[in-house]
Amino acid sequence: MEKKQKSNCFEGGRTKMPEYYLKTENWPPFDEKGLNVEVKKRFNLLKSAISKYLNFSSMEVVRKDLKMSEGRFFKIFHKCGELTPDGEIYGWSALVAGRSIGGRKRIASISASPGSKGGWSGAFGKLLSDKPGIASALTEYLNAPGKKRSTRPNRVEFRATHRRFLKICAIEGITEEEYPFCTNERGRKALRGWIDNVYLPLNANRFVGLEHGPEAESLSRYGEGDGSASRPVAKFREWTFDEVTMDVSARYEIPNAAGDWEELELARFFMIRLIDKGSGANLAMRLVFAPQATADDIAELFWDALNGPPEAPKAIEGETLLEGAGYPSVILSRLRFALPAMVHMDRALSHLAGHIQSVVTSLFGGTVILGPARTPRERAEIESRFSLQARRVVHQLPGTTGSGPKDPVRKRAAVPVDKLVRANELLQVLDAYCRNENVTPAAASGNIAPLERLRRQLAAGVLEPVYLDSDKRKPYFFSQPVRVAIKGNIAKGVRPYVNYLYMRYSSAELGRDFAMEGGTLLLRPDLRNLRTVMLFREDGRFYGVAQVLGRWSSFPHDQRMRRIFGRLKRLGELGDRADDYPLEALFEHLRKKAPRDRKAALQLSYILEYLTRNFVALGPELNEAVNEWRDFQQAKNDIGILPIKSPASVQSALPPVLAAPQKSQVEPAKKFPPEGALKEGRADKKIFKPRPSIGRLG
């Protein structure tokens with residue numbers, strides 16, 4: 001059954017109409033020069049009154065110069081919002097007196113005029129309106145039910161259809177003295193027009209499917225839409241999201257116990273991107289070093305698009321950005337925290353997640369347009385970006401897998417692991433590529449740079465952003481609330497706490513509030529950092545901030561890291577005391593497993609990239625550990641373990657998470673070595689005393 005499209009955009013008045021049409025400059029233009037004086041005078045009065053009404057003036061001001069009732073004014077106003085067959089509103093043309101809007105419909109009863117020479121105008125439509133069973137029976141007959149590959153308009157002559165029409169009329173109780181029997185034509189011409197103008201447009205997709213197959217029917221339905229889309233309500237408020245598997249094998253470098261590093265080949269990973277459909281501007285992108293992007297990754301991407309994406313860690317020397325390149329929420333301050341009203345996605349499981357639906361609908365107040373399944377043409381504006389990115393960047397790299405197993409570039413680009421592109425280099429290149437696209441002329445923005453188009457629209461007042469509420473501009477609100485039970489035992493001295501993702505959370509306020517024991521709270525985590533969570537009461541009031549207990553509180557981590565740890569701990573692969581040094585235990589386990597397991601290498605690369613992205617935000621302890629690692633490598637260079645000529649070459653060769661931080665980011669602290677270098681019992685013991693772990697990473 002076809003989904004009925006909305007026929008009037010102004011239903012509900014100015015408070016519920018699309019914001020796009022509150023600005024009358026967005027209405028279809030109308031030239032009133034051809035109107036006569038009286039009609040033009042009425043037209044201008046109504047136009048002025050509607051403009052005042054849309055500016056939220058009182059009805060007394062709106063009707064000041066109008067000589068009509070309030071009900072009559074609203075009737076005319078609603079006529080302006082009715083849709084034409086091509087999906088546009090009638091607008092100002094509905095103000096012209098005597099002009100029919102939406103087609104003429106007969107109201108008078110069907111009867112011949114005096115002399116029986118006329119009076120049948122609109123009779124066929126009136127007949128179908130009075131006897132709806134006629135149209136249903138005709139449609140059923142023409143659809144030829146029960147026949148797999150047949151449809152009657154293409155199989156029988158019109159006279160057979162006309163005979164069936166007259167038979168249906170007789171069954172519905174139409175007598176020989178009534179229309180259509182009382183005319184010489186017996187409704188032939190009107191029936192032909194109904195088939196051509198009403199029946200065929202409604203059943204064209206079915207006809208195409210029967211004649212040419214389901215693929216042709218799918219393309220036909222794509223051409224006319226699914227009835228769920230509507231006109232963009234404003235500039236910069238229609239966004240498109242999609243994800244793509246990266247067609248390239250990459251490597252990651254991690255330190256080993258021998259003092260140098262190992263090169264690991266990663267399993268295939270994903271890129272997710274968000275663009276503005278109107279201007280074509282890239283809003284945010286992320287590489288997800290995981291087998292599949294999750295709803296949490298998408299929610300974090302929305303946060304990046306609103307708050308401003310962080311810069312990718314620098315892995316390649318030299319300039320990679322064009323002048324002025326960047327993302328809209330960073331370059332144009334007025335677009336920071338500007339909300340979308342409509343987000344186009346496909347039907348991937350992560351896109352259907354309630355988490356994403358709640359972010360767009362509840363937090364943004366927008367709508368998710370999923371579109372038909374397996375129809376990338378619905379998101380052509382972003383699919384074409386992925387295609388260009390593949391041809392210009394990804395398929396040019398060594399180790400690219402091409403667009404499929406039979407792509408000839410796959411064999412040509414096959415190289416050893418040590419020749420593959422580094423994951424951190426790929427991240428910087430693709431981030432720079434997306435930023436540079438925003439300052440490169442594009443067809444979607446009228447053949448000028450997308451950022452320039454947005455800048456002009458802001459200056460002209462055409463783009464008026466709708467902002468996220470200031471109290472919601474925190475990453476906690478981009479997560480779905482979780483109901484948690486408050487546990488504790490006053491008799492045993494166990495203070496109240498809540499459980500979330502295998503760990504306990506508490507705070508000074510919650511720890512002394514024994515009256516809350518046995519109750520529930522709503523927990524909102526920060527998807528990027530689970531060290532703290534926000535707690536709310538069931539009625540929505542803010543309760544307080546809780547911190548994770550134990551060693552997890554000493555370093556930033558996200559849900560994927562916690563889930564990997566929890567799964568490995570349940571399997572008994574991290575040892576009995578893994579909670580005493582969780583990051584070190586997880587790092588050490590994945591480092592040992594990664595050389596022979598591409599999935600473990602992918603998990604390890606994700607953790608290291610996460611630590612790199614959050615390097616500045618980390619406390620002095622991790623900076624201290626990284627600085628210690630650098631000093632340790634310098635000491636190894638001094639005693640000749642590695643044939644490296646200078647400290648600068650050591651620094652440039654190490655993976656980014658081990659690169660030296662800026663001096664302003666490092667606080668003086670006691671130095672200690674990493675665990676991996678001490679387990680071998682080599683000359684390192686002459687420099688450092690043994691420690692039970694990789695230092696305090698966090």
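Residues numbered from 1 in each chain as written. Predicted model: local features only at pLDDT ≥ 70, side-chain atom pairs only at ≥ 80, totals over all residues. Heavy atoms only, no water.

Caption draft 1: Layout of the overall build of the protein. Each helix and strand counted, the protein has 23 helices and 14 strands in total. The contacts of the protein with a sequence gap of at least 6 include a subset with a gap of at least 24, amounting to 64%. Element-wise, carbon and sulfur atoms account for 51% of the exposed surface of the protein, whose accessible area totals about 35,600 Å². (Helix = DSSP H or I, 4+ residues; strand = E, 2+ residues; numbered from the N terminus. Contact = heavy atoms within 4.5 Å. Areas by Shrake-Rupley, 256 points an atom, 1.4 Å probe, with all protein chains shown as cover.)

Caption draft 2: Quick peek at the pairing of strand S4 (residues 270–276). The buried fraction of S4 amounts to seven of the seven residues, a majority that puts the element mostly inside the structure. Of the two faces of S4, the one carrying Phe 270, Ile 272, Leu 274 and Asp 276 and the one carrying Met 271, Arg 273 and Ile 275 are both buried. Sheet topology note: the strand S1 (residues 238–245)/S4 ladder contains seven bridges and is antiparallel. Looking across to S4, one finds that Val 244 is bridged to Met 271. Both S4 and strand S5 (residues 282–288) contribute to a ladder of six bridges, which runs antiparallel. If you follow Leu 274 over to S5, its bridge partner there is Ala 284. Between S4 and S5, which pair antiparallel one after the other, the connecting turn spans five residues, and Gly 280 there sits at a positive phi close to 80°. (Buried < 20%, exposed > 50% of the residue type's maximum accessible area, 1.4 Å probe, protein only. Pairing = 2+ DSSP bridges.)

Caption draft 3: Molecular detail of the sheet that holds strand S11 (residues 503–506). Strand order around the closed barrel formed by six strands is S9-S10-S11-S14-S13-S12, with antiparallel pairing between neighbours. Ignoring which end each strand starts from, the neighbouring axes of this sheet average 40° apart. In this sheet, strand S12 (residues 520–526) lies alongside strand S9 (residues 482–489) in antiparallel orientation, the contact comprising four bridges. Across the sheet, Ala 485 pairs through a bridge with Thr 520, a residue of S12. (Axes fitted to C-alpha atoms, helices over the stretch in contact; angles between N-to-C directions.)

Caption draft 4: Looking closely at the nonpolar core. Within the largest apolar cluster, 65 residues are counted, with the highest numbers of intra-cluster contacts made by Leu 266, Phe 269, Leu 287 and Leu 430. Top element by residues in this core is helix H20 (residues 598–613). It accounts for nine residues. Among the nonpolar cores identified, the runner-up in size contains 46 residues, and Trp 239, Ile 356, Val 360 and Leu 468 belong to it. (Core = buried A, V, L, I, M, F, W, Y, C linked by side-chain atoms within 4.5 Å.)

Caption draft 5: Representation of the sheet that holds strand S6 (residues 342–344) in the model. Reading across from one edge, S5-S4-S1-S6-S7 is the order of the five strands in this open sheet, with mixed pairing throughout. Each edge of the open sheet carries a strand with a single partner, namely S5 and strand S7 (367–369). Here the strands of the sheet are splayed against their neighbours by 20° on average, with no regard to which way each runs. Packed onto the sheet, helix H9 (residues 295–307) meets S1, S4, S5 and S6 and runs at close to 145° relative to S5. Strands in contact with helix H13 (residues 380–392) are S1, S4 and S5; relative to S4, the strand with the most contacts, it is inclined by about 130°.

Caption draft 6: Examining the packing of aromatic side chains more closely. Under the defined criterion, the tally for this structure stands at 23 aromatic pairs. For the pair Phe 364 and Phe 478, a centre-to-centre distance of 5.9 Å together with 65° between the ring planes defines the contact as edge-to-face. Taken together, the residues Phe 364 in the loop between helix H12 (354–363) and S7 and Phe 478 in the loop between helix H16 (450–460) and S9 connect sequence positions 114 residues apart. The same class applies to Phe 364 as to Phe 478, namely buried. By way of ring pairs, the aromatic residues Phe 10, Tyr 20, Tyr 21, Trp 27, Tyr 53, Phe 73, Phe 74, Phe 77 and Trp 92 are connected into one cluster. Across the ring face of Phe 158, the terminal group of Arg 192 is positioned such that the distance to the ring centre comes to 4.3 Å. (Phe/Tyr/Trp six-rings, centres within 6.5 Å; stacked < 30°, edge-to-face > 60°. Lys NZ or Arg CZ within 6 Å of the ring centre and 35° of its normal.)

Caption draft 7: Representation of helix H3 (residues 70–80) within the structure. Every buried residue belonging to H3 is among Phe 73, Phe 74, Ile 76, Phe 77 and Cys 80, and all of these are buried. For H3, the angular spread of the buried residues around the axis is 160°, confining them to a single face. Buried residues in H3 make contact with helix H1 (37–54) and helix H2 (59–62). (Arc of directions from axis to C-beta.)

Caption draft 8: The packing of helix H18 (residues 559–570) against H20, seen in detail. At a minimum axis distance of 10 Å, the contact between H18 and H20 shows a crossing angle of 140°. As summarised for this structure, H18 and H20 are arranged oblique, according to the angle between their axes. Where H18 crosses over H20, the handedness of that crossing is left-handed. Between H18, through Arg 560, Met 561, Ile 564 and Arg 567, and H20, the contact on the second element is made entirely by Gln 603, Tyr 606, Ile 607 and Tyr 610. The residue inventory of the contact of H18 with H20, partitioned by class, reads five nonpolar, one polar and two charged. (Parallel < 35°, antiparallel > 145°, perpendicular 65-115°, else oblique. Left-handed = near helix turned anticlockwise from the far one by under 90°. Nonpolar A, V, L, I, M, F, W, Y, C, P; charged D, E, K, R; others polar.)

Caption draft 9: A look at unusual backbone geometry. Geometrically, the link from Tyr 179 to Pro 180 is a cis peptide bond, its omega value of 10° lying close to zero. Within the chain, Phe 56 stands out as a residue other than glycine whose phi angle is a positive 65°. The topology assignment puts Phe 56 in the loop between H1 and H2. Of note, Phe 337 is a non-glycine position whose phi angle comes to about 65°, a positive value. With respect to the secondary-structure elements, Phe 337 resides in the loop between helix H10 (328–331) and S6. With relative accessibility at 6%, the residue Phe 337 sits in the buried group.

Caption draft 10: Up close: the pairing of strand S14 (residues 542–548). Note that S11 and S14 share two bridges and pair antiparallel. Residue Ser 506 lies in a different strand from S14, and its bridge partner there is Gln 547. One ladder, built from five bridges, connects strand S13 (residues 529–536) with S14; its direction is antiparallel. Bridging from a neighbouring strand, Val 533 pairs with Ala 546 of S14. Here S13 folds back onto S14 in antiparallel fashion, the turn holding five residues, of which Gly 540 has a positive phi close to 100°.

Caption draft 11: Quick look at the pattern of salt bridges. Counting across every chain of the model gives 23 salt bridges. Linking Arg 385 and Glu 437 is a salt bridge whose minimum nitrogen-to-oxygen distance equals 3.4 Å. Of the two residues, Arg 385 sits in helix H13 while Glu 437 sits in helix H15 (residues 423–437), which places them 52 residues apart along the sequence. Accessibility expressed as a relative area gives 9% for Arg 385, which makes it buried. (Salt bridge = Lys/Arg side-chain N within 4 Å of Asp/Glu carboxyl O.)

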